[in-house]
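Chain by chain, the residues run as shown.
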Amino acid sequence: MSASSLAVYDKANSIMKLRAKSSTQKRVLERVTALRERLIQQQATGNRRSEIVRIACDDLLGINENPKFWLRDHVIEEVDRLRDSDLERYLYYRYRYDVYPAERIADDYPPCVQIEPASICNFRCVFCYQTDRTFSDKKSGHMGVMDLELFKRIIDQLEGEVEAISLASRGEPLVSPGFPEMLNYLSGKFLAVKVNTNASLLDERKSHAILESNIQTLVFSADAAKEPLYSQLRVNGSFERTLRNVERFMNIKETHYPGSRMITRVSGVAYSDEQDIDEMKHFWGQLVDQVIFVRYNPWENVYESPPNDVVQPCSDVWRRLFVWWDGRVNPCDVDYKSTMSPGTIEDRAISELWRGNVFEGLRQQHLAGRRQKLDPCARCFFI
């Protein structure tokens, strides 16, 4: 199959399959109804946040004739674990995360910011750009870990403006020696913090640090439920070690943090015909709340791929912003060598970079159907 004939990768619908322990949609909608009634009673007119949340509630309850907003299964679980006092704040974030990219609206801040504590990874997964030695070689200049003080400056800019923070990107976050301190600094400041880890470095100290920070979602990246498939996909990884670390984490969670609202998830990349979501659910589902597969995108060699014929705008330039370990900002992680970077947070504030000339120019090029004039956008399948 030629590159130009591959299907586009819809980033908003990247989750192919989800297996969760329970469905809580009815309970969530009852809470949404109560929130809507409170907003009506408060008569919060002229308040932008309340007006957006009211629209979100009307969409979810089927009151709007042409709703733009709905809750996917994994989001329903997130809402169900929220306190009532946080629901309005969460829906304000989630509506902007889901709807604004589809409507091509850029707010003052991105709905989501992904921060990488480290670009270094101890794995060489077959579907990852860590296999590109011009990127992952120590001499490339791309490898490093984030300084704690830099991390704090990033968090200080985002607190109160952004709810979705993901600690993950090009590398394994637990490689960073300052990772526990990072978690401690962001604790309680955001409603949608997610950490992605291959779990190979998840020891007892880091497990406690994660649980004490009250993050919302912890994702264990694992693509198989047995050997040798696990090691074939996650090169340098050990299935036994990963399993042992996940089991220890879950035991610590149940024993020492029984009131934790954290969602645990095993996530795999759908890469091989040998992978089986039901087998994954049967095995990993005994340990975690959710098991999912996400679509594979051939980004591990994007700079060498031929241009394709995708002309639709990429939704991510309205959805998220990436901050690398050295403070460099980038529009996406498909461009893992930062060829489109507008600069660093040392140059300008994150909000200024997000609404600056480079990002706005990128959005305008995509809107005009000219992504083929941009590299690596011309070689990417994300929309």
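The structure this text deals with has already been given above.
The structure contained in this document is the topic of the report that follows.

Quick notes on the rules
- Residues numbered from 1 in each chain as written.
- Predicted model: local features only at pLDDT ≥ 70, side-chain atom pairs only at ≥ 80, totals over all residues.
- Heavy atoms only, no water.
- Pairing = 2+ DSSP bridges.
- Helix = DSSP H or I, 4+ residues; strand = E, 2+ residues; numbered from the N terminus.
- Right-handed = clockwise from strand over helix to strand, strands pointing away.
- Contact = heavy atoms within 4.5 Å.
- Salt bridge = Lys/Arg side-chain N within 4 Å of Asp/Glu carboxyl O.
- Buried < 20%, exposed > 50% of the residue type's maximum accessible area, 1.4 Å probe, protein only.

## Observations concerning the pairing of strand E4 (residues 192-197)
Looking at chain direction, strand E3 (residues 164-167) and E4 are connected through four bridges and run parallel. What sits directly across from leucine 167, in E4, is valine 195. Handedness of the crossover joining E3 and E4 through helix H7 (residues 179-186): right-handed. Bridge count between E4 and strand E5 (residues 217-221): four bridges; the pairing is parallel. Looking at the pairing, lysine 194 lines up with threonine 217 of E5. In this region the chain leaves E4, passes through helix H8 (residues 204-212) and returns to the parallel neighbour E5; the handedness of that crossover is right-handed.

## A closer look at the side chain of serine 351
Mapping serine 351 onto the fold places it in helix H13 (residues 350-354). For serine 351, the contacting residues outside a window of four places in its chain are Asp108 and Tyr109.

## Regarding the pattern of salt bridges
Applying the stated rule across the entire model yields 24 salt bridges. Close ionic contact of arginine 89 with glutamate 163 constitutes a salt bridge, the shortest N to O distance being 2.5 Å. You can see arginine 89 sitting in helix H4 (residues 84-103) and its partner glutamate 163 sitting in the loop between helix H6 (148-158) and E3, a full 74 residues away along the chain. Relative accessible area serves as the criterion here: at 11%, glutamate 163 is assigned to the buried category. One salt bridge connects aspartate 132 with lysine 337, and the closest N-O pair in it is separated by 3.6 Å. Here the residue aspartate 132 occupies a position in the loop between strand E2 (112-115) and helix H5 (133-136), and lysine 337 occupies one in the loop between strand E9 (328-330) and strand E10 (343-344), the gap between them amounting to 205 residues. Look at lysine 337 and you get partly exposed, because its relative accessible area is 25%. Shared partners join several salt bridges into a network, and the residues in it are Arg36, Arg54 and Asp58.

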